[in-house]
Amino acid sequence: MQIPESYNPVARDIAQALVDGFDKHYRRFRDCNRGAKALFEAGDWQGVQQAVRDRIQFYDQRVAETVARLHGELHAELLDDEIWQQAKLYFIGLLVRHKQPECAETFFNSVFTRILHRDYFNNDFIFIRPAISTEYIESDPPSYRSYYPARDGLRAVLRRMVEDFGWQRAFTRLRRDIALSLRQALAFLEGRWPRQEANYQVQVLSSPFYRNKSAYVLGKVINGGAQYPFAVPVLHDALGGLCLDTLLLEPWRIGMLFSFSRAYFLVDMEVPSGYVQFLRGMLPGKSKAELYTMLGLQKQGKNTFYRDFIQHLQHSNDSFVIAPGIRGLVMLVFTLPSYPYVFKLIKDEFGGAKEADRATVKAKYQLVKRHDRVGRLADTLEFSNVAFPKARFTEELLRELRAQAPSLLEEGAEQLVIKHLYIERRLKPLNLYLMSAEPAEKARVVRDYGLAIKELAAANIFPGDMLFKNFGVTRYGRVIFYDYDEIEYLSDCRFRRIPEAPYPEMEMSGEVWYPVARNDVFPEEFGAFLLGDAEVRQTFLRHHQDLLSPAFWQQRQRRIGAGHIEDFYPYPEEMRFINAYPRFYRRERALCPQRD
């Protein structure tokens, strides 16, 4: 970038308008996150879910407002290159003391790319690379609090740690919960506390992480050169008070709280980079992109993801290929073997009897983005006008793209631009997984497949197409749904029993003898196209035969209609203190019978 000799006041006004637009967005973002505390205390679970849905729209609304302002007040479409370069320099100057500079830079990019052609998408005009460091940004209060058990005692520190969050709803038996947490920690340490070092302390992020019916306390214990991350879910108990539900200590299990198949957290952060830095110290296997996304800053997560992806392309040389598995009728899917994601395009024309169009499919993906994913729906990143190095595509993939989605392609000599695509974590398709699984693992995964369908139903989601090819298996062996072109709200479906045929010959004919409306579903038919394998059928019927009856689905619809929100735990239920130590919970267990 050439630094100009003189500055144009229009450039300064552009920079200020961009900072104003971002600051308005982040004020609303924080207001929404602060409100989660009151919703949690009141047990307003519908309100928590609504807050997460509403918050997703904030960013695009502010971007659109800022674009309109730049067009209306400053005639942005008429400005020359030098003014835009000056605007970037002014903008950098305004971020020197900013608390969220990395997010503001992403906002700048979002606005700019809606105004100018992608020929300008380079570091002279937008932030391909970050310009402002996020290290050592101070916040008030600090991003995390420190406690010193050697001075005050571990029990007292844990009590003060919990009480410092200032929840107005009282804990039913906090002393019991702390005692059980210490018991669980001692078991994790194989029955022996480490020797206390001079730096022995507990560090806890200052804001709880709210999601669904839970608030999570996240922190780590530091002792000498060792660090022990922990997460404590705080729930409402059956007696109307708060309780510590369990203690999570394994980093991989804590990482599951930040899974791509979960809803985003509501967290009040003045300095989000401070939270991300702290969490990366706890969870080194999680990327910055994943953490920003799960903190509700999905645009920052998306921008960071793209930077990581470009970096990966520069340091790899394998080719993009068609993704393994049965090819879909709606989506064309390809992948880069060295990168753990898949790239999904909506085809120009859908095969078979698909009645949807491109707009309908995009609406389905937006539905999933806004909905509670309950650990069973894969999150997606949506991109426009992504430039790929054309030489990295196999000829087979290029032929497929040109044949199936030509309207989404712009081809140059060296680049292939895809106008719209989704990027999703790569999973092993369930149908391929079952083909190679040992009998015991096959039975476990089939059972989890049925649980996935039931949990989606409890969250008001009907997958539509339940074929195994539309589900995948994560590295932790969890079954996730990822094909959304036929997804529906469960409450919009009508589950029916197949009526008896007027005479036997009609039943044998293969012709339908009863009227079928668009959202009619006949669960009795599921077995015919899902359970051809004898081992799969035996396991499925043992654990999930109720899925083949309309009664199961109708019962779920009644609960949804009554406003009931089910409990979903991102950790095994046997780890919950109420299940691990039942003798301490007689009153609660009497009031809250355990689920089947």
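Our subject is the structure listed above.
Here, residues in each chain are numbered from 1, in the same order as that chain's written sequence. Reporting in this predicted model follows two pLDDT cut-offs: at least 70 for local features of residues, and 80 or more for side-chain atom pairs to be given and counted; totals over whole chains, interfaces and linings ignore these cut-offs and use all residues. With hydrogens and water stripped out, all remaining heavy atoms of the structure feed into the side-chain values.

A short note on the overall build of the protein
Per the convention used, a helix needs a DSSP run of H or I reaching at least four residues, while a strand needs a run of E reaching at least two, with both numbered from the N terminus. Within the protein, the secondary structure is distributed over 21 helices and 19 strands. Overall, the C-alpha framework of the protein stretches about 90 × 70 × 45 Å when taken along its three principal axes. Scored against the burial criterion, the 596 residues of the protein give a buried share of 53%. Put simply, the protein shows about 27,700 Å² of open surface, and 50% of that area lies on carbon and sulfur atoms. Taking the average location of the 81 positive side-chain charges in the protein and that of its 76 negative ones, the two points are 6 Å from each other. Relative accessible area decides the class of each residue, using a 1.4 Å probe on protein chains only: under 20% of the type maximum gives buried, over 50% gives exposed, and in between gives partly exposed. Methods summary: accessible areas were calculated by the Shrake-Rupley approach with a probe of 1.4 Å, and residue burial reflects only the protein chains presented. Positive charges come from Lys and Arg alone, negative charges from Asp and Glu alone, with His and the N- and C-terminal ends not counted. Every charge is mapped onto a representative atom, which is NZ of Lys, CZ of Arg, CG of Asp or CD of Glu.

Notes on the environment of Ala517
Note on placement: Ala517 falls in the loop between α16 (504–509) and β19 (520–521). By relative accessible area, Ala517 is classed as partly exposed at 41%. With 23 residues separating them in the primary sequence, Ala517 and Arg494 have C-alpha atoms 8.8 Å apart.

Topic: the pairing of strand β8 (residues 331–335)
Along any regular strand, the residues point their side chains to alternate faces of the sheet. The element β8 is extensively covered by neighbouring structure, given that four of its five residues are classed as buried. The rule for pairing is simple: two strands pair if DSSP sees at least two bridges between them. Relative to β8, strand β7 (residues 321–322) runs antiparallel, the two sharing two bridges. Among the inter-strand pairings, Ile322 is bridged to a residue of β8, identified as Phe334. With five bridges connecting them, β8 and strand β9 (residues 341–346) associate as antiparallel partners. Bridge pairing links Thr335 to Val342 in β9. Taking the residues that link successive antiparallel strands as the turn, the β8-β9 hairpin has five residues.

Examining the sheet that holds strand β13 (residues 428–429)
One open sheet holds the three strands; their spatial order is β13-β15-β16, and the pairing between them is antiparallel. Strands at the two margins of the open sheet, each flanked by one partner only, are β13 and β16 (479–481). Across two bridges, the pairing between β13 and strand β15 (residues 471–473) is antiparallel. In the sheet register, Pro429 faces β15, and the bridge partner there is Gly472. Helix α15 (residues 439–458) rests against β15 and β16 of the sheet, and its axis sits at about 40° to β16. Any two residues having at least one pair of non-hydrogen atoms within 4.5 Å are treated as being in contact. Lines are fitted to the C-alpha atoms to define the axes, a helix being fitted only along its stretch in contact, and any angle between axes, read from their N-to-C directions, falls within 0 to 180 degrees.

With respect to the nonpolar core
Nonpolar cores were defined as sets of buried Ala, Val, Leu, Ile, Met, Phe, Trp, Tyr and Cys residues, with membership established by side-chain atoms within 4.5 Å. Core analysis: the largest hydrophobic core is formed by 62 residues, its most contacted members being Leu70, Trp84, Phe209, Leu218 and Phe258. Those elements that place two or more of their residues in this core are α1 (9–42), α2 (45–74), α3 (81–94), α4 (101–115), β4 (214–223), β5 (226–236), α9 (272–282) and α10 (288–294). Here this core takes nine residues from α1, the largest share from any one element. Ranked by size, the runner-up nonpolar core spans 54 residues in total, among them Ala457, Met466, Tyr484 and Ile487.

With respect to empty space enclosed by the protein
With a 1 Å grid laid over protein atoms only, a set of points is called a cavity when a 1.4 Å probe fits there but cannot get out and a pocket when it is open yet has protein on both sides within 12 Å along at least five of seven lines; lining residues have an atom within 4 Å of a point. Grid points are joined across faces, edges and corners, and a volume is the space filled by probe spheres set on the points. Tallying each qualifying case throughout the model produces four cavities of 30 Å³ or more. Lining the largest cavity are 17 residues, and of these Phe260, Glu290, Tyr341, Asp379 and Leu381 sit closest to its centre. For the lining of the largest cavity, the secondary structure elements donating two or more residues are α10, α11 (298–314), β10 (380–389) and β12 (415–425). If one sorts the elements of the lining of the largest cavity by residue count, α10 sits on top with four residues.

A few points about α1
An expected span of 1.5 Å times one less than the residue number is assigned to each helix. For α1, with 34 residues, the first-to-last C-alpha span of 50 Å sits near the 50 Å given by 1.5 Å per residue. Residues adjacent in sequence count toward polar contacts only when both atoms are side-chain atoms; beyond that, a polar contact is any pair of N or O atoms within 3.5 Å, and within protein one must be able to donate a hydrogen and the other to accept it. Between the side-chain oxygen at the start of α1 and the backbone nitrogen of Val10 there is a gap of 2.8 Å, and the oxygen is on Asn8.

Remarks on the side chain of Arg496
By secondary structure assignment, the location of Arg496 is in the loop between β18 (494–495) and α16. A polar contact is formed between the side chain of Arg496 and the side chain of Asp520, at a distance of 2.8 Å. When neighbours within four sequence positions are excluded, Arg496 is seen to be in contact with Tyr514, Pro515, Val516, Asp520, Val521, Phe522, Pro523, Glu524 and Pro550.

Description of the pairing of strand β2 (residues 201–205)
In terms of burial, β2 is a largely internal element, five of the five residues being buried. Residues of β2 alternate between two faces, with Gln201, Gln203 and Leu205 on one and Val202 and Val204 on the opposite face, all of them buried. By the bridge criterion, four bridges tie strand β1 (residues 144–147) to β2 in an arrangement that is antiparallel. Bridging from a neighbouring strand, Tyr144 pairs with Leu205 of β2. Relative to β4, β2 runs antiparallel, the two sharing four bridges. By the bridge assignment, Gln203 is partnered in β4 with Lys220.

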